[in-house]
Amino acid sequence: MVEHSRENKQYGGRDAFFSPSCFLNQLKTDFSRTSIPRAIQSFRQSSTASNALSVEEAREENWRRRVDLAASYRVFEKYNLHEGVCNHLSMMAPAARGEGESVMLIVPYGLHWSEVGESLIGYKASSLVGLNEKQEVVEGEGEVETSASTIHTGVHRARPDAVCAFHIHPPYCTAIGTLKNPKLGMYHQNSCLFYNRVAYDRDYSGLSTDDEEGMRTAKQLGDKSVLFMCNHGVLVVAPNAARAFDDVYYLERACMTQVLAMSTGQELFELPEELASTANQQLDGPGEREKFCTAHFESVKRVLAKECPDFIE
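All values derive from a computational prediction rather than experimental measurement. (Residues numbered from 1 in each chain as written. Predicted model: local features only at pLDDT ≥ 70, side-chain atom pairs only at ≥ 80, totals over all residues. Heavy atoms only, no water.)

Q: How would you explain the nonpolar core if you had to name every residue and give the values?
A: Counting 56 residues, the largest nonpolar core has Y73, F76, F228 and L251 as its most contacted members. Broken down by element, the residue count for this core peaks at 9 residues, all from helix α6 (residues 241–262). Apart from residues no more than four positions distant in its own chain, Y73 is found in contact with H88, L89, I106, V107, W113, V116 and L128. In this structure, A199, L221, L227 and L235 belong to the second largest nonpolar core, which totals 11 residues. (Core = buried A, V, L, I, M, F, W, Y, C linked by side-chain atoms within 4.5 Å. Buried < 20%, exposed > 50% of the residue type's maximum accessible area, 1.4 Å probe, protein only. Helix = DSSP H or I, 4+ residues; strand = E, 2+ residues; numbered from the N terminus. Contact = heavy atoms within 4.5 Å.)

What follows is the structure, encoded as structure tokens:
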């Protein structure tokens, strides 16, 4: 079972998920500062949530998460892991107005990922929209794709520990999901990072058009952090943007290695389960994994800050 009271190391604390809030247009803050130790831990309203953050703290944390989410969109486009104006990355955040409320941040429909933060045409971190529990836009402007709101709302509702939910169609991950046996094998060190962390959904039934599909997706994910949505794409959930970004990056690399090895037509050598488990503990051990994820994510944010500094506005 998922432990819903688990503390989030980067975004820690407890806020309620979703209720109407106002959009903060002008707030800017240094995106490299350490995040305020607060987090979204529950989809539903909590009687103690309103006291978790002051209004100013909520505004600052809302902006920090907007910057992290904008950075994620931009770097995945840079790595060619996006697909048109589809796919969607979401992050729970305190509502900008505070009062213990929260929103789900996500890209508005029609915005290309390379445009998130592009000052020449007005799209910046502030262009991300925030949805309330009724899937209404209460921060920012624009509409959200139906499948984005239904899938992500369902996942965040079922997995309050999943502050981030990244749904994408990266080429090699998606290729693995089209196989009759869509298994991520333990063929490489990168694969071991995901040992016992992957679930598979073989029940593709078309586009997600209602909330039931979102809840079904969450059920398929269970307590895992990666879901191969077979014949579709992948879903990665994590307690913060650094972990979600790092997982997506290395999941695609692991799948790329497997697909390339399979393309040789030769038999692949899979690491013994005991060794894969040991490597996983080394790669994903307490402290070290968080340190590595943070270092990786901060490095790409520095690159983005040089190439397109306006993405934090």
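Q: How would you sum up helix α7 (residues 273–283)? Please name residues and give values.
A: Taken together, the buried positions of α7 are occupied by A276, S277, A279 and N280. Here the buried residues of α7 occupy an arc of 165° about the axis, which is enough to place them on one side. In α7, those exposed residues whose orientation departs by more than 90 degrees from the buried face are E274, Q281 and Q282. Its buried side turned inward, α7 meets α4 (189–192). (Arc of directions from axis to C-beta.)

Q: Any details on the packing of α6 against helix α8 (residues 288–307)? Residues and values, ideally.
A: Where α6 meets α8, the closest approach of the two axes is 8 Å, and the angle between their N-to-C directions is 85°. Of the possible angle classes, the one that applies to α6 and α8 is roughly perpendicular. Contacts from A241, A242, R243, F245, D246, D247, Y249 and Y250 in α6 reach R289, F292, C293, T294, H296, F297 and V300 in α8. (Axes fitted to C-alpha atoms, helices over the stretch in contact; angles between N-to-C directions. Parallel < 35°, antiparallel > 145°, perpendicular 65-115°, else oblique.)

Q: Describe the environment of L179, and please don't skip the residues or the numbers.
A: With respect to the secondary-structure elements, L179 resides in the loop between α3 (171–176) and α4. For L179, a relative accessible area of 27% puts it in the partly exposed group. Between the C-alpha atoms of L179 and C230, which are 51 residues apart in sequence, the distance is 8.2 Å. Each residue touching L179, except ones within four places of it in the same chain, is listed here: R202 and M262.

Q: So what's going on with the packing of helix α2 (residues 146–158) against helix α5 (residues 211–221)? Which residues, and what values?
A: When two helices pack together, their arrangement is given by the angle between the helix axes and by the axis-to-axis distance. Contact pair α2 / α5: the axes reach a minimum separation of 7 Å and the direction vectors enclose 50°. By the criterion of interaxial angle, the relationship of α2 to α5 is oblique. Remark: the crossing between α2 and α5 carries right-handed chirality. Side by side, α2 and α5 meet where T150, I151, G154, V155, R157 and A158 of the first sit next to D211, G214, M215, T217, A218 and L221 of the second. In terms of residue class, the contact of α2 with α5 is made up of 6 nonpolar, 4 polar and 2 charged. (Left-handed = near helix turned anticlockwise from the far one by under 90°. Nonpolar A, V, L, I, M, F, W, Y, C, P; charged D, E, K, R; others polar.)

Q: Residue-level account of the packing of aromatic side chains, with values.
A: Applying the stated criterion across every chain, the model contains 8 aromatic pairs. Geometrically, the ring pair formed by Y79 and Y249 is tilted, given 5.8 Å between the ring centres and 55° between the ring planes. Note that Y79 is positioned in the loop between α1 (55–78) and β3 (88–94) and Y249 in helix α6, a separation of 170 residues in sequence. Classification of Y79 by relative accessible area gives partly exposed; the value is 32%. Accessibility expressed as a relative area gives 21% for Y249, which makes it partly exposed. Ring pairing ties together the aromatic residues F76, Y79, F166, F245, Y249, Y250, F292 and F297, which thus form one cluster. (Phe/Tyr/Trp six-rings, centres within 6.5 Å; stacked < 30°, edge-to-face > 60°.)

Q: Can you explain α5? Please cite residues and give values.
A: One full turn of an α-helix is made of 3.6 residues, so residues set three or four places apart face in the same direction. Looking at α5, one finds that the buried residues are E213, G214, T217, A218 and L221. The arc that holds the buried residues of α5, viewed along the axis, is 140°, so those residues lie on one side. Turned more than 90 degrees off the buried face of α5, the exposed positions are E212 and K219. Those residues of α5 that are buried lie in contact with α2, β8 (198–201), β9 (226–229) and β10 (233–238). Backbone geometry just downstream of α5 places G222 in the positive-phi region, at approximately 60°.

Q: Any details on the pattern of salt bridges? Residues and values, ideally.
A: Under the criterion given, the structure shown has 18 salt bridges. Across the pair K301 and D68 runs a salt bridge, and its minimum N-O distance is 2.7 Å. Of this pair, K301 sits in helix α8 while D68 sits in helix α1, and the two are 233 residues apart along the sequence. Neither K301 nor D68 differs from the other in exposure class; each is buried. Measuring nitrogen to oxygen at the nearest pair gives 3.5 Å for the salt bridge that ties R289 to D284. Through salt bridges with shared partners, a single ionic network connects R197, R243, D246, D247, D284 and R289. (Salt bridge = Lys/Arg side-chain N within 4 Å of Asp/Glu carboxyl O.)

Q: Give me the sheet that holds β3: which residues, what numbers.
A: Within a beta sheet, neighbouring strands are joined by backbone hydrogen bonds and run either parallel or antiparallel to one another. Read from one edge to the other, the open sheet built from 8 strands follows the order β6-β5-β4-β3-β7-β10-β9-β8, with strand pairing classed as mixed. Strands at the two margins of the open sheet, each flanked by one partner only, are β6 (137–139) and β8. Here the average twist between neighbouring strands, direction ignored, is 25°. Relative to β6, strand β5 (residues 129–131) is paired through 2 bridges, and the arrangement is antiparallel. (Pairing = 2+ DSSP bridges.)

Q: Can you explain the environment of E77? Please cite residues and give values.
A: Among the structural elements, E77 can be located in helix α1. Judged by its relative accessible area of 23%, E77 falls in the partly exposed class. It is 5.9 Å that separates the C-alpha atoms of E77 and W113, two residues lying 36 residues apart in sequence. Once residues lying within four places of it in the same chain are set aside, the contact partners of E77 are H82, H112, W113 and S114.

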